[in-house]
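A look at the structure
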Amino acid sequence: MPEPKKPVPKKEAAPPAEPVPGEEPQPAQITGLFVERPQSATAIKGKDITFVAKVDSSTLLRKPVMKWLKGKWMDLGSKAGKHLKFKETYDRNTKIYTYEMTIVKVVDGDAGGFRCEVTSKDKCDSCTFEITVEALEEEQQTNILEAFKRSGDAGEDAGDLDFSGLLKKRERKMEEPTEPEVDVWEILKNAKPCDYEKIAFQYGITDLRGMLKRLKMMRKVEPKKCDAFIRKLEPAYSVEKGKRIVMSVELADHNAQVRWLKNGQEIKPSAKYLFESIGGIRKLIINKSTLSDDAAYECVIGEEKCFTEVFVQEPPVTITKLLDDIHVVVGERVEFEVEVSEEGANVIWMKDGVELSRDGKYRFKKDGKKHWLIINEATKEDIGTFCVCTNGGQSKAELEVEDKELEVLQSIADLTVKAAEQAVFKCEVSDDKVTGRWFKDGVEVIPSKRIKMTHIGRVHKLTIDDVKPEDAGDYTFVPDGYALSLSAKLNFLEIKIDYVPRQDPPKIHLDTSGSMASKNTIIVVAGNKLRLDVEITGEPAPTVCWRKGPVEISNTEGRVRVESRKNLSSFVIEGAERGDEGLYCITVTNPAGEDKADLNIRVVDVPDAPENVRCTGVGEDTASVLWDPPKFDGGAPLKGYLMERKKKGSSRWTKLNFDIYESTVYEAKKMIEGVFYEMRVFAVNGIGVSQPSATSKPFMPIAPTSEPTRLVVDDITDDTCALKWLPPDRVGAGGVDGYIIEYCLEGGSEWVQANEVPVEKNMYRVRGLQIGEKYLFRVTAVNIAGRSPPAEIKQGVTIREITERPKIRLPRQLRTKFIRKVGEKVNLVIPFQGKPRPVVNWFKDGTPLDSSLANVRTSEVDSILFIRQATREHSGQYTLSVQIENMEDKANIEIQIVEKPGPPVSVIVTDVWGFNAALEWKPPKDNGNCDITGYTVQKADKKTKEWFTVYEHNRRPSCTVSDLVMGNEYTFRVFSENICGLSDDAGVSKNTATIAKTGLHYKPQPFKERDMTSSPKFITPLVDRSVVAGYNTAISCAVRGYPRPKIIWMKNKMIIGEDPKFLMQNNQGVLTLNIRKPSLFDGGQYICKAVNELGEDQVECRLEVRVIKEKEKEEAKK
């Protein structure tokens, strides 16, 4: 990294970083959050330069946020790329963040003022630095060999080398007297502001803003003590968007009137801006702060002001509704939905860590706080983890895509037709885009005028007109791309005409093909229509009777009805139900006889929903689910089950299996630990899928913690052992509810639990152990998922008291004299160590301590000496003795109780001369049990009898009082002082000092006040400008006038209000209007108007905003 160079002073222009003449450069003091600040530097055009800032995060609760800014508003973070590079590193040992900004190949446009700002919750700090760009000096390379010549005319290699060609002839110049160097800054300091531009042009200064900034720094004087403000505004306030801002000052005069200004414009009270006045405190409250409140504020009292700046930060965007896992089949539409805390916030969608772009496959949609990622047709390539990120969090979800299976909604049925009739084979599948082919006896059917094949939606039809005997056979429909086929048989019915006698007994002809499961048994799906056509023969025409059990069915209309035609009786059930199941009988009779047939009708349906879905066990990302089979299987054997799960509170269910699962126990995987889930189950038979079961109770995948760490023995006595440990390395979402401690004899196998209830602390003392035995100990962590693996002490611990020599750990503040005032409490805590428990005794000045003088409390590890209200008799030397058998340790503590001293005695005036008086006195009789540190002397004249302090902390018992007023008689008093303060009473002088008058008279000169009032007048006009759209710009002018004129900025003769796009500044009459990122709409005529009670004046200019075309951009890049 190139080291930033200090700016080199030039004759033509002086950079603002140059120190002010006559002042020594002061070293920069590091304050706030910065450990190292970036320094101003001079960069070489075309070279790289790096600036470094370091922030100490040891006192911060959150990670600091660093912003690099150019000027006031331009955020350089959005312009990172080939030209600007940013780097961030963190040192875990020192807890210091290092931020680097590198400018690659510096150009002239990089010159100017920069600012870096670091924020962390309610803390904020910033610093500024300047960059000056210099051109690279080109060294002229000359060919030295061409200057070498040889003497003589013999040729190129003859003669001696002659170096005279390298010498240059120089003209002798007359020495002119050098003019003394001119200090431009001294000229500017003494010049009028209206002449600044003329002087700058004369001496080649082009940076007018930098010149004015440096002049302002040079003219800074020692800040005057403000009489109006006791406490001023803070230098800066930082607040999140939408929060409340409170700015307060404290005034010396409680009745003073204040004015609040924002960017130089006075603030009026409203619902947004509230003014409060409590005594001498004045507050400005801004409710629901917005980005327009980011400005400079002033509090004005008469001619005195205090300033501050408010920074409004946008709060981080958090995710309020998380993503849900999605399980789909190929070709289905996928929608990931997320909800954030702010409307219109920007989010980033990622898949497997790669950011997604808006193309034909992925579509992004947002409405208010909701955002969607849409995939119109899912494929196997879309399987993965999708993530949505904001600047305040992220959410992840899994997408699983399975191959799509084709379901048969209606299969083709066998047909029996007569000659010249029409045969129609019809089937329906689940996908309307699937095509297929028809086969007859294994040979593909070719369409013709008589044979037609149609495909409308999900329905496929094969129609055969004018059926012929050769059309009989097996017909099959095969869907393209699926290993599936649907078959049915076409039966051709031949009609033979024979001679029949007139008397023919009735006969029932039943067709046992089609939906006949077995002979005379018909199966119908619930909800479907059953039409049973029975052919009947007999002469004369027989009478038909249908019965279900003993009940005769004679209805010709309704859901269950009988339809009769010649030689045909039809039994119809519309929308079959479970109650229609049973044994049906058809009886036909005529004079020639009778015939009967029994039909068994079975109604099959989807099964009932499974029951009692429950979670029987959980793991870190798994859960075991159990359920009971449905009570009714629908009349068809159960094939298995389908499972779904969802997160609690979500409405989106995720399929767990596409293939039918036969068991009633299932282990769900790929779950998120710590999230509540719910399950439901579907039963499947040959008819279809049942309704979902009742939702299970919410359950949470969770796992026990890892074993506790660093289990050690802390202390051992005759029958106890104290253990200590640290929490587990992996805790998980279930946390730690407590710890179980167990022990057993070395060599044994029976572990005894020491505590009935889990302990929350990371220490425990096991009691009731046998002295001299060796024990093993182990500790397990407990949470809602169960116990963790144990942490064990594998080496046996012998239970035996350990003798330790007594030792007093005297605190550092008690190693010197301990001083307290009379009436204060004394509480001394002195720790000690030793085993077994030592005997503790207290002594005062060598004798045992009287219990009525002080209270003593002693524990196993410390002893406390407590005095509720100290008196001077408690002063002395206290001794603490700690003894174990013949071993002893002592510590001495010196306690001194002090109070205020008495007054000095014998205060007399010993001499008076001129305007002076000499005093003497004697020390007080009572010094308050400590040394006298000084005296305070006060005087009072006989007329006013008001006392004024003359000396403080005077160490000698005498002094000389000067500057007494002629003609007055004075009396004096003296207070004594020690570490407790001044004495309550004073020693008053026994005699007085009289200052005699002389014949002096003072005649003041009359003072004539100069009239400084004048009407406003612009001394520097506005200048027409042409700027590029999107780059910050400013227009400036200068005005003078007294009283201070009110400034009004207008655009196209319309007053510019509190628009955050415009920032208006007034610096000692230099008026500046900053326009943030102007657009074509910001072009036009700008007017600056100054008004006071003596008149008004205005200047105007025209601002042109132009847009750089693509060709100009490419040429500028080249």
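See the structure printed just above.
Throughout what follows, the structure given in this document is the object of discussion.

Let us look at the overall build of the protein chain. Within the protein chain, the secondary structure is distributed over four helices and 89 strands. Per-residue burial over the protein chain gives 36% buried out of 1118 residues. Pairs at least 24 apart in sequence give 62% of the contacts found in the protein chain among residues at least 6 apart. Total accessible area on the protein chain stands at roughly 69100 Å², and carbon and sulfur atoms take up 49% of it.

A few words now on the nonpolar core. Ranked by size, the top nonpolar core spans 26 residues in total, and within it Phe34, Phe51, Met66, Trp68, Met101 and Ile131 carry the most contacts. If you list the elements that add at least two residues to this core, you get strand 2 (41-44), strand 3 (49-56), strand 4 (65-70), strand 7 (96-103), strand 8 (112-120) and strand 9 (123-134). Among all residues touching Met101, those that are not within four sequence positions of it are Ile49, Thr50, Phe51, Trp68, Leu76, Lys85, Phe86, Phe114 and Phe129. In terms of nonpolar packing, the next biggest core, distinct from the first, is built from 23 residues, Ala228, Leu233, Val239 and Val310 among them.

Moving on to the sheet that holds strand 71 (residues 887-898). Ordered by their spatial adjacency, five strands build an open sheet running 64-71-70-66-67, and the pairing between neighbours is mixed. With one partner strand each, in any of the chains shown, strand 64 (818-821) and strand 67 (847-848) form the two edges of the open sheet. Note: strand 66 (residues 839-844) against strand 67, two bridges, orientation antiparallel. When the sheet's bridge partners are listed, Lys844 is paired in strand 67 with Thr847.

In this section: the packing of aromatic side chains. Counted by the stated rule, this structure contains 17 aromatic pairs. Residues Trp725 and Tyr739 carry aromatic rings whose centres are separated by 5.4 Å and whose planes lie at 65° to one another, so their mutual orientation is edge-to-face. In this pair, Trp725 sits in strand 56 (residues 721-726) while Tyr739 sits in strand 57 (residues 738-745), placing the two residues 14 residues apart along the sequence. In this structure Tyr739 comes out as buried when scored by relative accessible area, which is 3%. Across from the ring centre of Trp653, 5.4 Å away, lies the NZ or CZ of Lys646, which sits over that ring. In this structure, Lys648 packs its charged tip against the face of Phe676, placed 5.5 Å from the ring centre.

The subject of this paragraph is the pattern of salt bridges. All chains considered together, the criterion is met by 46 salt bridges. In this structure, Glu428 engages Arg458 in a salt bridge whose closest nitrogen and oxygen atoms are separated by 3.6 Å. Within this pair, whereas Glu428 is found in strand 32 (residues 423-429), its partner Arg458 is found in the loop between strand 35 (451-456) and strand 36 (459-464), the two being separated by 30 residues in sequence. A relative accessible area of 18% places Glu428 in the buried class. Judged by relative accessible area, which is 37%, Arg458 ranks as partly exposed. Salt-bridge contacts for Glu574 lead to Lys529; the nearest nitrogen and oxygen are separated by 3.4 Å. Pair noted here: Glu574 is in the loop between strand 46 (568-573) and strand 47 (582-590) and Lys529 is in the loop between strand 41 (521-525) and strand 42 (530-539), with a separation of 45 residues, a long-range link. With a relative accessible area of 29%, Glu574 lands in the partly exposed category. Given the relative accessible area of 47%, Lys529 is considered partly exposed.

Turning next to the sheet that holds strand 31 (residues 415-418). In space, the five strands of this open sheet follow the order 31-38-37-33-34, with mixed pairing throughout. Two strands in the sheet have a free side with no partner beyond their single neighbour: strand 31 and strand 34 (443-444). When strand 33 (residues 436-440) meets strand 37 (residues 473-479), the two strands line up antiparallel, connected through five bridges. Pairing of Gly436 across the sheet is with Pro479, part of strand 37.

The next subject is the environment of Tyr677. Following the sequence through the fold, Tyr677 ends up in strand 54 (residues 677-685). Overall, Tyr677 belongs to the buried group, its relative accessible area being 1%. Each C-alpha atom, one on Tyr677 and one on Lys697, is 8.5 Å from the other, the two residues being 20 residues apart in sequence. Non-local contacts of Tyr677, meaning those with residues more than four positions away in its chain, are made with Arg645, Lys646, Lys647, Lys648, Met671, Ile672, Lys697, Pro698, Phe699 and Pro701.

Another point: helix 3 (residues 208-218). Every buried residue of helix 3 is accounted for by Gly210, Met211, Arg214, Leu215 and Met218. Taken around the axis of helix 3, the buried residues stretch over an arc of 135°, which confines them to a single face.

This brings us to the side chain of Asp715. By the element assignment, Asp715 lies in strand 55 (residues 709-716). The residues touching Asp715, leaving out its near neighbours within four places in the chain, are Thr720, Cys721, Ala722, Arg765 and Lys835.

Glancing now at unusual backbone geometry. For the peptide bond that leads from Glu539 to Pro540, omega is 0°, which places it in the cis range. Looking at the element boundaries, Pro540 is found in the loop between strand 42 and strand 43 (543-548). Residue Pro1043 is bonded to the preceding Tyr1042 through a cis peptide linkage, with omega at 0°. With respect to the helices and strands, the residue Pro1043 is situated in the loop between strand 83 (1033-1042) and strand 84 (1046-1051). With phi around 70°, Ala420 is a residue other than glycine that occupies positive phi space. By secondary structure assignment, the location of Ala420 is in the loop between strand 31 and strand 32. We note that Asn929 has phi near 70°; this positive angle belongs to a residue other than glycine. Relative to the helices and strands, Asn929 is located in the loop between strand 73 (916-922) and strand 74 (934-941). According to the relative accessible area criterion, Asn929 is partly exposed, its value standing at 27%.

With that out of the way, let us pick up the environment of Cys744. Turning to its location among the elements, Cys744 is positioned in strand 57. Taking the relative accessible area as the measure of exposure, Cys744 reaches 3% and is therefore buried. Residues in contact with Cys744, not counting those within four places in the same chain, are Glu750, Trp751, Lys774, Tyr775 and Leu776.

A few words on the state of the cysteines. This model, assessed by the stated rule, comprises zero disulfides. Of the cysteine sulfurs around Cys127, a residue in no disulfide, the closest is that of Cys116, at 3.0 Å. Unpaired in terms of disulfides, Cys389 finds its nearest cysteine sulfur in Cys387, a separation of 3.5 Å.

Attention now goes to the side chain of Ser989. By the secondary structure assignment, Ser989 is in the loop between strand 79 (987-988) and strand 80 (993-994). One polar contact links the side chain of Ser989 to the main-chain carbonyl oxygen of Asn991, over a distance of 3.0 Å.

Now for the pairing of strand 37. Within strand 37, five of the seven residues are buried, which leaves the element mostly enclosed by the surrounding structure. Bridge analysis of strand 37 against strand 38 (residues 486-493) gives five bridges, and the strand direction is antiparallel. What sits directly across from Tyr475, in strand 38, is Ala488. Joining the antiparallel neighbours strand 37 and strand 38 is a turn of six residues, in which Gly481 adopts a positive phi near 90°.

Cut-offs applied
- Per chain, residue numbering runs from 1 following the sequence as it is written.
- For a predicted model such as this one, the threshold for reporting local features is a pLDDT of at least 70, and the threshold for listing and counting side-chain atom pairs is 80 or more; totals across whole chains, interfaces and linings nevertheless cover every residue.
- Computation of side-chain values: all heavy atoms of the structure, hydrogens and water removed.
- Labels follow the DSSP assignment, with helices taken as runs of H or I lasting at least four residues and strands as runs of E lasting at least two, numbered in each case from the N terminus.
- Partly exposed describes any residue whose relative accessible area lies between the buried limit of under 20% and the exposed limit of over 50%, with all areas from a 1.4 Å probe on protein chains only and scaled to the type maximum.
- By definition in these notes, contact holds between two residues if any of their heavy atoms fall within 4.5 Å.
- Here, Shrake-Rupley sampling with a 1.4 Å probe gives the accessible areas, and only protein chains in the shown set may cover a residue.
- Joining through side-chain atoms within 4.5 Å is the link that ties buried Ala, Val, Leu, Ile, Met, Phe, Trp, Tyr and Cys residues into a set, and such a set is a nonpolar core.
- Strands qualify as paired when DSSP identifies two bridges or more between them.
- Only Phe, Tyr and Trp rings are paired, with Trp represented by its six-membered ring, and only when their centres lie within 6.5 Å; those with planes under 30 degrees apart are stacked, over 60 edge-to-face, the remainder tilted.
- Charge over a ring is defined by NZ of Lys or CZ of Arg lying within 6 Å of the ring centre and within 35 degrees of the ring normal.
- Criterion for a salt bridge: a side-chain nitrogen of Lys or Arg within 4 Å of a carboxyl oxygen of Asp or Glu.
- This arc is taken over the directions from the axis of the helix to the C-beta atoms.
- Throughout, a disulfide means two cysteine sulfur atoms within 2.5 Å of one another.
- N or O atoms closer than or at 3.5 Å make up a polar contact, with two conditions inside protein: a donor-capable atom paired with an acceptor-capable one, and, for residues adjacent in sequence, both atoms drawn from side chains.

Structural measurements only, silent on function.
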